[in-house]
Amino acid sequence: LALGPVVSPPHTVEGFVKEFLHELNYGQGVALSRSSVNDQYLASARAVRSYLMAQWLETQRRQRETQAKSVAYLSAEYLLGRQFDNALLATGLTDTVEKGLAACGIDIDVVRAQEIEPGLGNGGLGRLAACFVDSLASMNVSAIGYGIRYEFGIFRQTFVDGRQVEQPDTWLDLGSPWEVAHPENSVQVGFGGRTETYTDDDGVERTRWIPDSNVKGIPHNYLVPGYQNGRVNTLRLWSAVATQSFDLAIFNSGDYTAAVRAQTFAENISKVLYPEDSTPQGRELRLQQQYFFVACSISDFLNYVLPADFDITKLPERIIFQLNDTHPVIAIPELMRVLVDDRGMAWDEAWAITQQCFAYTCHTLLPEALEVWPTELLGKLLPRHLEIIYRINDEFLAEVRKTFPGDELKARNMSIIAEYPERSVRMAYLATVAGAKVNGVAELHSQLLRDKVLPDFSAMWPEKFTNVTNGVTPRRFIKLANPLLSTLITDTIGVGWLNDLERLRELEPYAEDPEFRASFREVKAANKVRLRALLEQRDGLVLPEDAMLDVMVKRLHEYKRQLLKVLHIVALYDLVVSGQAKIEDITPRTFVFGAKAAPGYRMAKEIIHLINRVAETVNNDPRVDGRLAVAFPPNYNVTLAETLIPAADLSEQISLAGKEASGTGNMKFALNGALTIGTDDGANVEIRQLVGDDNFFLFGLSEPQVEELQAKGYRPSAFYESNESLRRAIDLIASGAFTGGDREAVGPIVGDLLYNDRFMVLADYQSYIEAQERVDERYADPDAWSRSAILNVARSGFFSSDRAMTDYMDRIWHVSPRR
Ligand code: 26W
């Protein structure tokens, strides 16, 4: 018997069909003639996965051989989107599989549609992590992603009477063909208990942690294929199960039923993704999730990924752990604990190593989004980690006092431990103290991070701070999402742009070419047809034909200002119904919203309700005659984004300046030829600089102007009183015109706008309306619009996540792609 290397099945239609039938018959245990769509999907997916396996094994073999420095991306969220087409693209099997399935009498589109996307993230941060692992593999970088395999991902959103109702996301119910579980490589993680000191055999005083319970982490490997480059990296997601001895005390007492109950307690840890994406709830279970996955990941890396004889003092030469926001920051004291308590390393040496092994990315500017953990909770759950944090803080504060002698206020402000309103650990400070680098996610955000969020730290360690502007993967968000545009691009500039996105610049001259413009418009029109079909079939929504498609998709949050968009729609509606404007003079527009609200975020849910009510009223008013329409398909997710974004004409990026860290949807729209109407916020700033002022509709206060207005005292009612159009729009909402006469239903929103308006919707209203008028003017000239849209595509290559990875490699990780 010749035992050679693992080889892939042949890349032929016959090769695929054989593999597919094998999976169907022997994996699913059904005959083709009796197979369900789900059987066919699972078998196709497993067959496609087979093609990646040999490359995955080879990638690992090479890594063991070279022992090159790797990146471990630690993220509590990965918003992956569907895997099937991405795997086909990476392997170059799209046509082969389509033909193979057709030969079996199966329509590949039906199979595709069967996949439920793994929604293991909330929004921007989770989707960014998914783009980053894609780019790392596609750029041939040795990297591993670590996270949590939530049994329930982000909730499925439904609307009942226009109000959001959440349903559990049962994505695992029909099987998960993309993962490979390895129970034999499980890791045990402790919780609770106490610490004790003892003297070791060499007479040295040491500390050990004696947990009072433990859970087992089971790794599930997801294959992360590079784009047609032979590399397949790993995304390792952990699920929690009880150990035999979950709670030692209960087991010893012989209380069998209590012991079984404890099992469910352990398994709760990876049960559900927390759907809050800005205000941490400070829940014990969330801290358990965070510690669980980083403890599993560090143990996995040190004990399974590294060779058994690895010299642990060389750890920084072999790994950098990138912390995706503060969620995994408990990894810092965990590595210290492992090095000092388990491996017997001296504190100072362990600290020097730890400081080189972590870097921290901040994704927010909202103070309420910065995680803090009460020391009481942390000490109860992780007593040893709290001790370690205290010692890190003591030594850090000694350094602060040396740097700023006599400035006790400085020490208090910079302390990792906050004393008010309750004693707690500031996770961002811990990450900044321990991390080799701290980065923001767009130029403006990184600047504000230095100046406003962590000013004392950036004064103390200016070289620690850097920027890496976010990016998105062009494989998913151009090639897969917009095949027609991709073909047009390739026909125009040739192949190779998909992993060298700056090459889109070569399209610039074609902005002046009437023929190219016409083709470009045809692509957009075809994408709109595709979207209409999807929304009709998915949600029973029938969109008007031939209207400007004006899209705002992102989480629902007051700072993102969906309400500003609503006011614009209401103002246009008012113009029509009050007779101030003739309907023929209004540019036909279809407004599309997509947004989930955190289930406990009252105001966000009220705004969703208002949007649905406005939609109902506008869509059914005969005076509007379908020239204005509002669509709010429920359950916006990655899959819907892939059809929606390529169809959009106008991208709404209208957060209050200084509040959106970066935004990444903004990049996806620009790359797909939508024009942006936006504030000077997050990465909008860089988009505008690159595409040019002429091709971007800027409006609103700048961040310094926001500060200034705040400082001199912001009175929203002053804007209401002095602006007629604004007043009429708010009055119309307040009158109950959209809520069947119910004024109470809109009370909280109207009251907040007039008397609080934390995000200055009213202050930016006039400027927004004027910018929208400029949008209409441009849109009236199809050639001028197409020219701008083409230039948006041509000049947005910078926003590839491949470029972001290059920046991380150069500025933070100090690793390079393999040859
Ligand atoms: C509940 C605690 C919590 C707090 C913040 C959970 C999740 C968050 C995330 C940081 C929210 C998030 O997704 N932030 C977004 O990150 C994107 C990627 O960098 C940016 O583009 C967005 O501007 C930022 O809002």
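For clarity, every value in this text was computed on a predicted model and none was experimentally measured.

Trainee: Give me the lowdown on the overall build of the protein, citing residues and values where you can.
Mentor: When you go through the protein residue by residue, the secondary structure sums to 33 helices and 25 strands. Rg of the C-alpha trace for the protein: 27 Å, near the compact-globule value of 28 Å for 819 residues, within the 12% margin. Looking at the protein as a whole, 50% of its 819 residues qualify as buried. Excluding contacts between residues fewer than 6 apart, the proportion of contacts in the protein whose partners are at least 24 apart in sequence is 76%.

Trainee: Break down the site of the ligand for me, with residues and values.
Mentor: If you check the shell around the ligand, you find 21 residues, and the closest are Gly-124, Leu-125, His-363, Ala-661 and Ser-662. Of the residues in the shell around the ligand, the class split is 6 nonpolar, 11 polar and 4 charged. In this structure, the shell around the ligand is formed jointly by two domains, domain 2 (71-82 + 117-368 + 430-469) and domain 3 (481-799), each of which donates at least three residues.

Trainee: Can you explain the pairing of strand 6 (residues 163-167)? Please cite residues and give values.
Mentor: Direction of pairing for strand 5 (residues 156-160) relative to strand 6: antiparallel, over a ladder of 5 bridges. Each residue of the ladder has a partner; that of Arg-156, found in strand 6, is Gln-167. As consecutive antiparallel partners, strand 5 and strand 6 are separated by 2 residues, and within that stretch Asp-161 has a phi angle of approximately 55°, a positive value.

Trainee: Describe the domain arrangement of the protein, naming the residues involved and giving the relevant values.
Mentor: Each domain of the protein was delimited in the assignment, giving domain 1 (1-66 + 87-116), domain 2 (71-82 + 117-368 + 430-469) and domain 3 (481-799). Summarising the inter-unit geometry, the C-alpha centres of domain 1 and domain 2 are found 31 Å apart. Taken together, the contact between domain 1 and domain 2 spans 16 residues of the former and 17 residues of the latter. Broken down by secondary-structure element, the contributors of at least two residues to the side of domain 1 that touches domain 2 are helix 2 (37-66) and helix 3 (84-91).

Trainee: With reference to specific residues and values, describe the sheet that holds strand 22 (residues 628-631).
Mentor: Pairing in this open sheet of 6 strands is parallel, and the strands run 22-21-20-23-24-25 from one edge to the other. Two strands in the sheet have a free side with no partner beyond their single neighbour: strand 22 and strand 25 (697-698). Where strand 20 (residues 548-553) lies against strand 23 (residues 650-653), 2 bridges are found, and the strand directions are parallel. Across the sheet, residue Val-551 finds its bridge partner in strand 23, namely Ser-651. Across the sheet, helix 22 (residues 562-577) is in contact with strand 20, strand 21 (589-594), strand 22 and strand 23; its angle to strand 22 comes to roughly 150°.

Trainee: Describe in detail the packing of helix 23 (residues 602-620) against helix 30 (residues 747-755), supporting the description with residues and values.
Mentor: Two quantities define a packed helix pair, namely the angle between the axes and the distance from one axis to the other. Contact pair helix 23 / helix 30: the axes reach a minimum separation of 9 Å and the direction vectors enclose 110°. For the element pair helix 23 / helix 30, the angle class is roughly perpendicular. Crossing geometry of helix 23 relative to helix 30 is assigned as left-handed. Taken together, the residues of helix 30 that come into contact with helix 23 (itself represented by Met-603, Glu-606, Ile-607 and Leu-610) are Pro-748, Ile-749 and Asp-752. Class assignment for the residues of the contact of helix 23 with helix 30 results in 5 nonpolar, no polar and 2 charged.

Trainee: Break down the environment of Thr-375 for me, citing the residues and quoting the values.
Mentor: Within the fold, Thr-375 resides in helix 13 (residues 375-381). The partly exposed category is assigned to Thr-375, around which 18 C-beta atoms lie within 10 Å. Considered as a pair, Thr-375 and Tyr-720 are 345 residues apart in the sequence and their alpha carbons are 45 Å apart.

Trainee: Break down the nonpolar core for me, with residues and values.
Mentor: Among the nonpolar cores identified, the biggest contains 235 residues, and Val-133, Phe-292, Ala-331, Leu-430, Val-614 and Leu-644 are the most heavily contacted of them. Residues contacting Val-133, with those up to four places away along its chain left out, are Tyr-73, Ala-143, Gly-145, Val-224, Asn-233 and Leu-235.

Trainee: If you had to explain the confidence of the model for the protein to someone new, which residues and values would you point to?
Mentor: Summing up the model confidence of the protein, the mean pLDDT is 96 and the portion of residues at 70 or higher is 99%. Predicted complex, confidence summary: ipTM 0.97, pTM 0.98.

Trainee: I'd like a rundown of the sheet that holds strand 17 (residues 424-426), residues and numbers included.
Mentor: Judged by pairing direction, the sheet is antiparallel, and its 3 strands sit side by side in the order 15-17-16 without closing on themselves. A single partner strand is all that each edge strand has here, and the edge strands are strand 15 (372-374) and strand 16 (417-418). Note: strand 15 against strand 17, 3 bridges, orientation antiparallel. In the strand pairing of strand 17, Trp-373 is matched with Val-425.

Trainee: Report on the environment of Phe-738, specifying residues and quantitative values.
Mentor: Structurally, the position occupied by Phe-738 is in the loop between helix 29 (724-734) and helix 30. Once the C-alpha coordinates of Phe-738 and Asp-255 are considered, the two residues, 483 residues apart in sequence, prove to be 59 Å apart. If we skip the residues at most four places from it in the chain, Phe-738 touches Leu-610, Arg-613, Val-614, Thr-617 and Ile-733.

Trainee: Which residues make up the packing of helix 20 (residues 483-493) against helix 21 (residues 514-539), and what values do they have?
Mentor: Two elements in contact, helix 20 and helix 21, have axes whose closest approach is 9 Å; the angle formed by their N-to-C orientations is 160°. If you check the angle between helix 20 and helix 21, you find them roughly antiparallel. For the crossing formed where helix 20 meets helix 21, the hand is right-handed. Across the interface between the two elements, Leu-484, Leu-485, Leu-488 and Thr-492 from helix 20 touch Phe-516, Ser-519, Phe-520, Val-523, Ala-526 and Asn-527 from helix 21. Its residues assigned to classes, the contact of helix 20 with helix 21 shows 7 nonpolar, 3 polar and no charged.

Trainee: Please give an account of unusual backbone geometry that cites residues and values.
Mentor: In this structure, Pro-421 follows Tyr-420 across a cis peptide bond, with omega equal to -5°. Position of Pro-421 among the secondary structure elements: in the loop between strand 16 and strand 17. A positive phi angle, near 45°, is found at Gln-228, a position not held by glycine. Within the secondary structure layout, Gln-228 lies in the loop between strand 11 (213-225) and strand 12 (232-247). Take Gln-228: there are 14 C-beta atoms within 10 Å of it, and that puts it in the partly exposed class.

Trainee: Lay out the pairing of strand 20 with the relevant residues and their values.
Mentor: Burial analysis of strand 20 places 5 of its 6 residues in the buried class, the great majority of the element. In this sheet, strand 21 lies alongside strand 20 in parallel orientation, the contact comprising 6 bridges. The partner of Leu-549 across the bridge, within strand 21, is Thr-590. Once you follow strand 20 into helix 22 and on to strand 21, the crossover reads as right-handed.

Trainee: Could you give me a rundown of the environment of Val-630, with the residues and numbers involved?
Mentor: Following the sequence through the fold, Val-630 ends up in strand 22. If near-sequence neighbours (up to four positions away) are discounted, Val-630 is found in contact with Ile-569, Phe-591, Val-614, Ala-615, Val-618 and Asn-619.

How each quantity is defined
Residues numbered from 1 in each chain as written. Predicted model: local features only at pLDDT ≥ 70, side-chain atom pairs only at ≥ 80, totals over all residues. Helix = DSSP H or I, 4+ residues; strand = E, 2+ residues; numbered from the N terminus. Rg over C-alpha atoms; globule rule 2.2 N^0.38 Å. Buried ≥ 20, exposed ≤ 12 C-beta atoms within 10 Å, placed from the backbone. Contact = placed C-beta atoms within 7 Å. Near = placed C-beta within 6 Å. Nonpolar A, V, L, I, M, F, W, Y, C, P; charged D, E, K, R; others polar. Domains from an automatic or database assignment. Pairing = 2+ DSSP bridges. Axes fitted to C-alpha atoms, helices over the stretch in contact; angles between N-to-C directions. Parallel < 35°, antiparallel > 145°, perpendicular 65-115°, else oblique. Left-handed = near helix turned anticlockwise from the far one by under 90°. Core = buried A, V, L, I, M, F, W, Y, C linked by C-beta atoms within 7 Å. pLDDT = per-residue confidence, 0-100. Right-handed = clockwise from strand over helix to strand, strands pointing away.

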